[in-house]
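So the chains spell out like this:
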Amino acid sequence: MNQRSRRRHRRNIRRVRQRNRRLLLMAVLMCFIAWAGITNIKKQKEAEESKAAYAEQQKKEEAEKESEKEESKLVLAEESEKDKWYLKLVNAKNPMTEADVPEVETETLDSEGYQVDARIMDDLEDMFAAAREAGRSPMICSAFRSWDTQVSLYQNKISRVMSEDGLNEEDAAIKAATVVAKPGTSEHQVGLALDIVSSEYTNLDEGQMETEDQKWLIENSWKYGFILRYPLDKSDITGVIFEPWHYRYVGKKAAKEITEQNLTLEEYLGAEPVGDPTGDL
Ligand SMILES: [Zn+2]
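As the structure is a computational prediction, the values presented were derived from the model and not from experiment.

**Concerning the overall build of the protein**
Logical step 1: Helix and strand counts for the protein stand at 8 helices and 6 strands.
Logical step 2: Across the protein, helices and strands are ordered from the amino to the carboxyl terminus as α-β-β-α-β-α-α-β-α-β-α-β-α-α.
Logical step 3: At 42 Å, the protein has a C-alpha radius of gyration far larger than the 19 Å of a compact globule built from 281 residues.
Logical step 4: Taken along its principal axes, the extent of the C-alpha atoms in the protein is 160 × 50 × 35 Å.
Logical step 5: Considering the protein as a whole, with its 281 residues, one finds that 35% of them fall into the buried category.
Logical step 6: Taking contacts inside the protein between residues at least 6 apart in sequence as the whole, the part at least 24 apart equals 70%.
Logical step 7: When the accessible surface of the protein is split by element, carbon and sulfur atoms take 52% of a total near 17800 Å².
Logical step 8: In the protein, the 41 positive side-chain charges and the 53 negative ones have mean positions that sit 39 Å from each other.

Dropping the structure here:
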């Protein structure tokens, strides 16, 4: 090989090497670009995924908040429902003082001059109209009582027990309270209670249960917002003996639920049982 051809040979080698380096550099560059691209796509995907997950989470939290709000609204509605005038609880555990007795606008029933809270008048008249239509003839024998009326009922009973049983006033008062409600503990004082008897049998005793009038009332009174307030076998809860003549207005919704679920007003309102049954005349 002469000098010229050796030089050419070396040049060729150099060129080949340079080309190889360029190729290598390009390959590295392409690899880098590809890697960067993949990483970028991956990152973008991850970012999108986390964005979607975040949005999903937000949505879930909002839905939860919304349902909590709905629930608390329901609880509030339920609570304020229980504060309604027609669900007022009056019993020996929840007595009223003379000052506590709500001022009630009463309306007088045509027949015997009995009075009730004017707001229950329409439902009461509907109930009696339906009873008459069904061939029944129930009669009201007690309705709204003023504070003074309840006091005199109670005092009279004490005097009678004192003279009949020879008891001192204190013992007579205890005995009287088993038949007549102490002033402040009777629902009659808020105009929402009525004693209703059969026109064929007017005694205030368990015999009422056998009358067709009473059977009709027990079966139908809830439709007009009334319940039999002191049912059999519930005296330890109501604190009042079985009275198949004492009806109480509680509104149609509560009357339906109380009747369907066989509850007392105390149970419906989640109130403490009264115990020691007494009378509510
Ligand atoms: Zn009564």
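**Quick notes on a nonpolar patch on the surface**
Logical step 1: On the surface, L29, F32, I33 and W35 cluster together into a nonpolar patch covering about 480 Å² of accessible area.
Logical step 2: In this fold, L29 is placed in helix α1 (residues 3-82).

**Section: a positive patch on the surface**
Logical step 1: Together, R4, R6, R7, R8, R10, R11, R14 and R15 line one region of the surface with positive charge.
Logical step 2: As for its position among the elements, R15 is in helix α1.
Logical step 3: The partly exposed category is assigned to R15, whose relative accessible area is 49%.

**A word on the sheet that holds strand β5 (residues 226-228)**
Logical step 1: The sheet built from 4 strands is open, its strands ordered β3-β4-β6-β5 with antiparallel pairing. Edge strands, defined here as strands with exactly one partner in the open sheet, are β3 (138-142) and β5. Mean inter-strand twist for the sheet, computed between neighbouring axes without regard to direction, equals 40 degrees.
Logical step 2: Examined bridge by bridge, strand β4 (residues 193-198) and strand β6 (residues 246-249) share 3 bridges and lie antiparallel to one another. Paired with D195 across the bridge in β6 is H246.
Logical step 3: Along the sheet, helix α2 (residues 121-133) contacts β3, β4, β5 and β6; its crossing angle with β3, the most-contacted strand, is approximately 140 degrees.

**A few points about the pattern of salt bridges**
Logical step 1: Within this structure, the stated rule accounts for 14 salt bridges.
Logical step 2: Through salt bridges with shared partners, a single network forms among E187, R229, R248 and E266.

**Some points on the nonpolar core**
Logical step 1: Core analysis: the largest hydrophobic core is formed by 38 residues, its most contacted members being L124, M127, F226 and L265.
Logical step 2: When contributions to this core are tallied by element, the ones reaching two or more residues are α2, β4, α5 (212-220), β5, β6, α7 (252-260) and α8 (265-269).
Logical step 3: Take this core: its biggest share by element is 6 residues, from α2.
Logical step 4: Here F226 is in contact with I120, D123, L124, M127, L194, S221, Y247, R248, Y249 and A255, once residues within four sequence places are set aside.

**Quick notes on the UniProt feature "domain: D-alanyl-D-alanine carboxypeptidase-like core" (unreviewed entry) in the protein**
Logical step 1: Sequence positions flagged by UniProt for "domain: D-alanyl-D-alanine carboxypeptidase-like core" (unreviewed entry) are, in local numbering, residues 115-252.
Logical step 2: In residues 115-252, the share of helix is 39% and the share of strand is 15%. The end C-alpha atoms are 20 Å apart.

**A few points about the coordination of the zinc ion**
Logical step 1: The coordination sphere of the zinc ion contains the protein donors H188 (NE2), D195 (OD) and H246 (ND1), at a distance range of 2.0 to 2.1 Å.
Logical step 2: Read in sequence order, the donor residues for the zinc ion give the motif H-x6-D-x50-H. Of this pair, D195 sits in strand β4 while H246 sits in strand β6, and the two are 51 residues apart along the sequence.
Logical step 3: Looking at D195, the relative accessible area reads 2%, which means it is buried.

**Considering the domain arrangement of the protein**
Logical step 1: When the domains of the protein are assigned, the result is domain 1 (1-78) and domain 2 (85-269).
Logical step 2: Taking the mean C-alpha position of each, domain 1 and domain 2 sit 81 Å from one another.

**Points about the packing of helix α3 (residues 147-165) against helix α4 (residues 169-176)**
Logical step 1: Orientation of α3 relative to α4, taken along the N-to-C sense of each, is 115 degrees, at an axis distance of 8 Å. α4 is crossed by α3, and the crossing has right-handed handedness. Where α3 abuts α4, its residues Y154, Q155, K157, I158, V161, M162 and D165 lie against E169, A172, A173, K175 and A176.
Logical step 2: Residue composition of the contact of α3 with α4, grouped by class: 7 nonpolar, 1 polar and 4 charged.

**Concerning unusual backbone geometry**
Leaving glycine out, the prevailing phi sign among residues is negative, and the prevailing peptide bond configuration is trans.
Logical step 1: For D233, which is not glycine, the phi dihedral falls at a positive 65 degrees.
Logical step 2: Mapped onto the elements of the fold, D233 is located in the loop between β5 and α6 (235-238).
Logical step 3: D233 gets classed as exposed once you look at its relative accessible area, which sits at 69%.
Logical step 4: Its identity is not glycine, yet N262 carries a phi of approximately 55 degrees, on the positive side.
Logical step 5: Note that N262 resides in the loop between α7 and α8.

**Description of the packing of aromatic side chains**
Logical step 1: Enumeration according to the criterion identifies 3 aromatic pairs in this entry.
Logical step 2: What links up through ring pairs into an aromatic cluster is the set W85, Y86, F226 and Y249.

Conventions and cut-offs
Residues numbered from 1 in each chain as written. Predicted model: local features only at pLDDT ≥ 70, side-chain atom pairs only at ≥ 80, totals over all residues. Heavy atoms only, no water. Helix = DSSP H or I, 4+ residues; strand = E, 2+ residues; numbered from the N terminus. Rg over C-alpha atoms; globule rule 2.2 N^0.38 Å. Buried < 20%, exposed > 50% of the residue type's maximum accessible area, 1.4 Å probe, protein only. Contact = heavy atoms within 4.5 Å. Areas by Shrake-Rupley, 256 points an atom, 1.4 Å probe, with all protein chains shown as cover. Lys, Arg positive; Asp, Glu negative; His and termini not counted. Charge placed at Lys NZ, Arg CZ, Asp CG, Glu CD. Patch = residues over 30% accessible without salt bridge, like charges linked within 9 Å, V, L, I, M, F, W, Y side chains within 5 Å. Salt bridge = Lys/Arg side-chain N within 4 Å of Asp/Glu carboxyl O. Pairing = 2+ DSSP bridges. Axes fitted to C-alpha atoms, helices over the stretch in contact; angles between N-to-C directions. Core = buried A, V, L, I, M, F, W, Y, C linked by side-chain atoms within 4.5 Å. UniProt positions renumbered as here; feature names shortened; annotations may be inferred. Donors = N, O, S within 2.8 Å, 3.2 Å for Na, K, Ca; no water. Domains from an automatic or database assignment. Left-handed = near helix turned anticlockwise from the far one by under 90°. Nonpolar A, V, L, I, M, F, W, Y, C, P; charged D, E, K, R; others polar. Phe/Tyr/Trp six-rings, centres within 6.5 Å; stacked < 30°, edge-to-face > 60°.

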